[in-house]
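Here's the letter readout for the chains.
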Amino acid sequence: MAFRAFFGILGGTLPADIARAHGYEKAAAKRPEPPREQPKPETGALQLLGLMQREARLIDFFLEDISPYTDEQVGAGVRSIHAQCQEVLRKHFRLAPVIDGVEGTFVKAESAGALAREPGAIRFTGNLPAQGKPTGGVLRHRGWRADSVMLPSASPKQNLSILAPAELEVE
Amino acid sequence: MRYFGIDLGTTNCAAASAAAGPDAPVEQFAVPQLVAPGEVFAETVLPSALYLAAEEEFPPEALELPWGGGRCIAGRFAARRGAETLGRLVTSAKSWLSATQAERTAPILPTNAPPGLERVSPVEASRAYLAHILNAWRHLHPEEPLRDRAVALTVPASFDEVARQLTQQAAEQAGLPELILLEEPQAALYAWIESHPDWRERLRPGDLILVVDVGGGTTDYTLIRATERNGELELERIAVGDHLLLGGDNMDLALAHTAAQRMPKLDAAQFHLLWQQCRLAKEALLEDSSRAEAPLALPGRGSSLIGGAIRGRLERAEVESILLDGFFPRVDSHEAPVRRRRAALAELGLPYEQDPAITRHLAAFLRRGGQLACPTHVLFNGGVFRAARLRERVAEVLNAWLEQEGRPPAQVLEGGDLMHAVARGAAFYARARNEGGIRIRGGIPHSYYIGIEAAMPAVPGLKPPLKALSVVPFGMEEGTEAAVPGRDFALYVGEPAEFRFFVSSSRKHDPIGELLEEIPEELEELAPVEIRLDGEAGTAARVTLEVHVTETGVLELWAKGLPGTPHEGHRWKLEFQLRRQRA
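Keep in mind the model is a prediction, meaning the values are calculated, not measured.

Asker: I tried to follow the overall build of chain A on my own but got confused; where do I start?
Answerer: Along chain A, the regular secondary structure elements total six helices and five strands. When the helices and strands of chain A are listed from N to C terminus, the series reads α-α-α-α-α-α-β-β-β-β-β. Long-range contacts, defined as pairs at least 24 residues apart, comprise 76% of the intrachain contacts of chain A with a sequence gap of at least 6. Accessible area of chain A: about 11,700 Å², with a carbon and sulfur share of 56%.

Here you go:
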């Protein structure tokens, strides 16, 4: 547990309030990080993009013009991208629905637990009351929350803006 | 106090730890490792891959781990990078540890390294994986240092004494000279026990548990009997199989070669990717019997992913014929593995099994005593068995044999974590050993012999026949010693004497000191053992032999000066002679 939080903090992307809501705070406090340079806000983004490219070739895929190819060709390629992206998500994030209920049924806002009062955790749509917040509604989307983020710790000298190196094969 | 278990696998290593106290849970230890240059991430397995980077291949900080670094890297990035370059990646070091034909302490890996590139020994590679895991623990848990005897390291049950001692040597070089060795199938059963606190109610005296452990590179069989002593249920390991160099990697590789036949020529990196995809496709096809094939797509090497893609497929019929019929065929319990005599190994390669049929090897194992041993329970271990279809096939074949014998079907012991059970079981065992708790009895799972040349007049062109003297009986327990009775040897002081050394995992009833008039077929020759008596050269000493099995499970052979001779009270240790003599 301490370890997971350790890496979550290295990634610099675990908001303190979310950590508190899910009980990570204690573990994090147990192993204080030595003072280090504050990671720049783009660090996490570049790291994740690099990761997605390395594991699943996601940048190649998004930036490729796929219009000349048949659905079948695209479909075959997407399968491996899909599987590998999923693995990246599973490995580096702990994701859970905001409200773990059956979509299409009525749920109360309280089902979100501690997050029920969190602004932005629940979006009400449809016929909203004139005053005050609705207490529940039909669950259209369960939402997602990241319980933890575990990005690799990057060496400070690493140039993260290199998302994928150019490859030269020595023959 | 922390107890620690390490599974040093052929393709993946894993580790687990347990706090003191019988009820404290066993926890998986995620091992931080390089996943890309300059990126460290903790994963539940450390791939057993060692990459020997070139001098300026990476800036030094890119290979830095939180506890230090070097050009020799282990784990995920090592495996990935090794597929991109030639002759710098060490894999399957563990299989080499048990390869009798190879010089196991010599730098022979990677075998495909072009001249001029670095090589390491199988022992050194094993040391590197162990050191990586231990350093990771020390770095993350400086407040909980690992004591030697609180660490258990697993080896295949079929590992012979030389391979065990080389593993121990690797541990010693990694800073844990006294760690405990544990057999992998036993570790898997300990893990099952750990996850079933009511296990004593699930087994009865007389039950026979078959552990089928198919790892990445090796297949290992073990039989464990439940017995009753003083009203308590006890477990005793009664048989282990021969060392089979046959595992999941061979299966996936066979599938990849089949799929590759339908594709344009692939380079090494693409083939590596295909190999991985075949593993996933295999699992998907075995999982869902309604699918006729699984698509494979190797993305283009260049940035054009879809346009440059090489597409292929793996068909259900292929998976069934290669895996189910090739590796797990329905066979009769009387069938013996097809074994061609191995030609003296001319080239340096691993002696993979001639017969890939795991079920046929199983039949031979269970039929060793002549009668079929009839298991009442079966425990599966190893990543291969993530495919339920393969577990079912083994159970089906086994139960057909049992039915022929008029026995009820064997019950499958469920609930094991196939990838991590061995490490977990090892941590559990380390604690049980130190704090008291269930222990599987068993002792040394082999019997050992030394070759003695018959005294006969020399006949030109005829080698004197060799006899085998039993020096270590099967099942000799840890912490015991015994003398080889009825025989003493005259050895010259100051020069080495060498004995040929043999092992058997199937002969269980040769008492110590028994002389077999000729070398039986089931004896396999190991590296010779050598002794060098110190003292004044030219004189002869009369000695008797003694065997010790240490508390940590290491076998030692000693020569002792005969009472009443000038060398009374002297002792010399016999060592394995691993470097081949050059003629």
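Asker: Explain the overall build of chain B to me, please; I cannot follow it from the model alone.
Answerer: When you go through chain B residue by residue, the secondary structure sums to 12 helices and 32 strands. By the compact-globule yardstick of 25 Å for 583 residues, chain B fits well, its C-alpha radius of gyration being 25 Å. In terms of principal-axis extent, the alpha carbons of chain B reach across some 85 × 65 × 60 Å. Looking at chain B as shown, the accessible area adds up to about 24,200 Å², and 49% of this sits on carbon and sulfur atoms.

Asker: Is there a simple way to think about the sheet that holds strand β11 (residues 89–90) of chain B in this case?
Answerer: Sheets are built from strands that pair by backbone hydrogen bonding, the pairs being arranged parallel or antiparallel. Residues and elements named next belong to chain B. Taking strand neighbours across the sheet as the criterion, the three strands line up as β10-β7-β11 in an open arrangement whose pairing is antiparallel. Edge strands, defined here as strands with exactly one partner in the open sheet, are β10 (72–74) and β11. Here strand β7 (residues 50–52) runs beside β10; their pairing, made up of three bridges, is antiparallel. Across the sheet, residue L52 finds its bridge partner in β10, namely C72. Of the strands in this sheet, β7, β10 and β11 are in contact with helix α3 (residues 122–140), which crosses β7 at around 110 degrees.

Asker: What should I look at first to understand the confidence of the model for chain A in this one?
Answerer: Atom-level detail of predicted coordinates should not be read off regions where pLDDT is low. The pLDDT averaged across chain A works out to 79; a share of 77% of its residues lies at or above 70. Overall, residues 1–31 of chain A carries pLDDT values under 50, and its contacts beyond four positions in sequence, including any with other chains, amount to 49 contacts.

Asker: Can you walk me through the interface of chain A and chain B in this structure?
Answerer: As a measure of interface size, the accessible area lost when the parts come together is often cited. Facing the 33 residues of chain A at the interface are 30 residues of chain B. Counting every contact that joins chain A to chain B gives four salt bridges. In this structure, the salt-bridge partner of E72 of chain A is R311 of chain B, at a minimum N-O distance of 3.1 Å. Taken together, the connections running from chain A to chain B amount to 12 residue pairs in polar contact (both at pLDDT 80 or more).

Asker: I tried to follow the sheet that holds strand β4 (residues 31–36) of chain B on my own but got confused; where do I start?
Answerer: Ordered in space as β5(A)-β5(B)-β4(B), the three strands form an open sheet in which the pairing is antiparallel. Strands with a single pairing partner mark the edges of an open sheet, and in this sheet they are β5 (153–154) of chain A together with β4 of chain B. One ladder, built from five bridges, connects β4 of chain B with strand β5 (residues 39–43) of chain B; its direction is antiparallel. Its bridge partner being in β5 of chain B, A36 of chain B is matched across the sheet by E39 of chain B.

Asker: What exactly am I supposed to notice about the packing of aromatic side chains here?
Answerer: Any two aromatic rings considered together are summarised by their centre-to-centre distance and by the angle between their planes. In total, this model carries 12 aromatic pairs over all chains according to the counting rule given. Summarising the aromatic geometry, the rings of F61 of chain A and F62 of chain A are spaced 5.7 Å apart at their centres and angled 40 degrees between planes, so their arrangement reads as tilted. Exposure remark for F61 of chain A: the relative accessible area of 15% places this residue in the buried category. Residue classification places F62 of chain A among the exposed positions, given a relative accessible area of 59%. Taken together, a centroid distance of 5.2 Å and an interplanar angle of 40 degrees make the contact between Y190 of chain B and Y429 of chain B tilted. Of this pair, Y190 of chain B sits in helix α5 (residues 184–195) while Y429 of chain B is found in helix α12 (residues 421–435), placing the two residues 239 residues apart along the sequence.

Asker: Before we go on, may I ask you to explain the pairing of strand β3 (residues 26–29) of chain B in this structure?
Answerer: Every regular strand shows the same layout, with side chains that alternate between the two sheet faces. Residues and elements named next belong to chain B. Note that strand β2 (residues 12–19) and β3 share four bridges and pair antiparallel. The residue of β3 that forms the bridge with S17 is E27. In sequence, β2 turns back onto β3 through a hairpin of six residues, with G21 there showing a positive phi of about 95 degrees.

Asker: Honestly, the side chain of D207 of chain B in this entry has me stumped. Any pointers?
Answerer: Residues and elements named next belong to chain B. Relative to the helices and strands, D207 is located in the loop between α6 (199–202) and β14 (208–214). Here the side chain of D207 touches R204 through a polar contact of 2.8 Å, landing on its backbone nitrogen. Setting aside its immediate chain neighbours within four residues, D207 contacts R202, I224, R225, A226, T376 and H377.

Asker: Even after reading the chapter, I still don't get the pattern of salt bridges, so can you show me in this structure?
Answerer: Side chains that differ in sign of charge can pair as their charged atoms come close. Residues and elements named next belong to chain B. Taken as a whole and judged by the stated rule, the model has 47 salt bridges over all chains. Across the pair E234 and R229 runs a salt bridge, and its minimum N-O distance is 3.6 Å. The class for R229 is partly exposed, based on a relative accessible area of 43%. One network of salt bridges, in which partners are shared, links R262, E293, R313, E315 and E318.

Asker: Explanation requested: the side chain of K94 of chain B in the structure shown.
Answerer: Along the chain, the position of K94 of chain B falls in helix α2 (residues 93–97). At 2.7 Å, the side chain of K94 of chain B and the side chain of E184 of chain B are in polar contact.

Asker: Which parts of the structure should I look at to understand α3 of chain B?
Answerer: Owing to its 3.6 residues per turn, the α-helix aligns residues three or four sequence positions apart on the same side. A rise of 1.5 Å per residue sets the reference length of α3 of chain B, with its 19 residues, at 27 Å; its end C-alpha atoms lie 28 Å apart and thus fit the reference within 8%. Across the 19 residues of α3 of chain B, 14 count as buried, placing the element largely inside the fold.

Asker: It is not clear to me how the nonpolar core should be interpreted in this structure. Could you clarify?
Answerer: Buried together is how nonpolar side chains tend to be arranged in soluble globular proteins. Residues and elements named next belong to chain B. Judged by nonpolar contacts, the single largest core of 77 residues is most densely connected at F4 and V471. Counting residues per element, this core draws most heavily on α3, which supplies 11 residues. Not counting residues up to four positions away in its chain, the partners in contact with V471 are Y448, Y449, I450, V484, F501, I512, L545, V547 and L557. Formed by 54 residues, the second largest nonpolar core is a distinct cluster that contains L255, I310, L372 and V394.

Asker: Could you clarify how one ought to interpret the packing of α3 of chain B against helix α4 (residues 161–173) of chain B in this entry?
Answerer: Angle between the axes and distance between the axes: these two values describe a pair of packed helices. Residues and elements named next belong to chain B. Put simply, α3 and α4 touch, their axes get as near as 8 Å, and they point 50 degrees apart. Relative to α4, the element α3 lies oblique. Relative to α4, the crossing made by α3 is right-handed. Contacts between α3 and α4 involve V123, S126, R127 and L130 from the former and L166, Q169, A170, A171 and Q173 from the latter. Its residues assigned to classes, the contact of α3 with α4 comprises five nonpolar, three polar and one charged.

Asker: I keep staring at unusual backbone geometry and nothing clicks. Help me out?
Answerer: Phi is mostly negative for residues that are not glycine, and the peptide bonds are mostly trans. Residue P110 of chain B is reached from L109 of chain B by a cis peptide bond, and omega for that bond is -5 degrees. Along the chain, P110 of chain B turns up in the loop between α2 and α3. Positive phi, close to 55 degrees, is recorded for R57 of chain A, a residue that is not glycine. Residues other than glycine seldom take positive phi values, yet N230 of chain B does so here, at roughly 50 degrees. By secondary structure assignment, the location of N230 of chain B is in the loop between β15 (219–229) and β16 (232–240). Its relative accessible area of 78% is what places N230 of chain B among the exposed residues.

Asker: Help me understand the pairing of β2 of chain B in this model?
Answerer: Residues and elements named next belong to chain B. Where burial is concerned, most of β2 is hidden: six out of the eight residues are buried. The pairing of strand β1 (residues 2–8) with β2 spans seven bridges and is classified as antiparallel. Its bridge partner being in β2, D7 is matched across the sheet by A14. Taking the residues between adjacent antiparallel strands as the criterion, β1 and β2 are bridged by three residues.

Criteria and cut-off values
- Residues numbered from 1 in each chain as written.
- Chains lettered and ligands numbered in written order.
- Predicted model: local features only at pLDDT ≥ 70, side-chain atom pairs only at ≥ 80, totals over all residues.
- Heavy atoms only, no water.
- Helix = DSSP H or I, 4+ residues; strand = E, 2+ residues; numbered from the N terminus.
- Contact = heavy atoms within 4.5 Å.
- Areas by Shrake-Rupley, 256 points an atom, 1.4 Å probe, with all protein chains shown as cover.
- Rg over C-alpha atoms; globule rule 2.2 N^0.38 Å.
- Pairing = 2+ DSSP bridges.
- Axes fitted to C-alpha atoms, helices over the stretch in contact; angles between N-to-C directions.
- pLDDT = per-residue confidence, 0-100.
- Salt bridge = Lys/Arg side-chain N within 4 Å of Asp/Glu carboxyl O.
- Polar contact = N/O pair within 3.5 Å; in protein donor to acceptor, adjacent residues only side chain to side chain.
- Phe/Tyr/Trp six-rings, centres within 6.5 Å; stacked < 30°, edge-to-face > 60°.
- Buried < 20%, exposed > 50% of the residue type's maximum accessible area, 1.4 Å probe, protein only.
- Expected span 1.5 Å × (residues − 1).
- Core = buried A, V, L, I, M, F, W, Y, C linked by side-chain atoms within 4.5 Å.
- Parallel < 35°, antiparallel > 145°, perpendicular 65-115°, else oblique.
- Left-handed = near helix turned anticlockwise from the far one by under 90°.
- Nonpolar A, V, L, I, M, F, W, Y, C, P; charged D, E, K, R; others polar.

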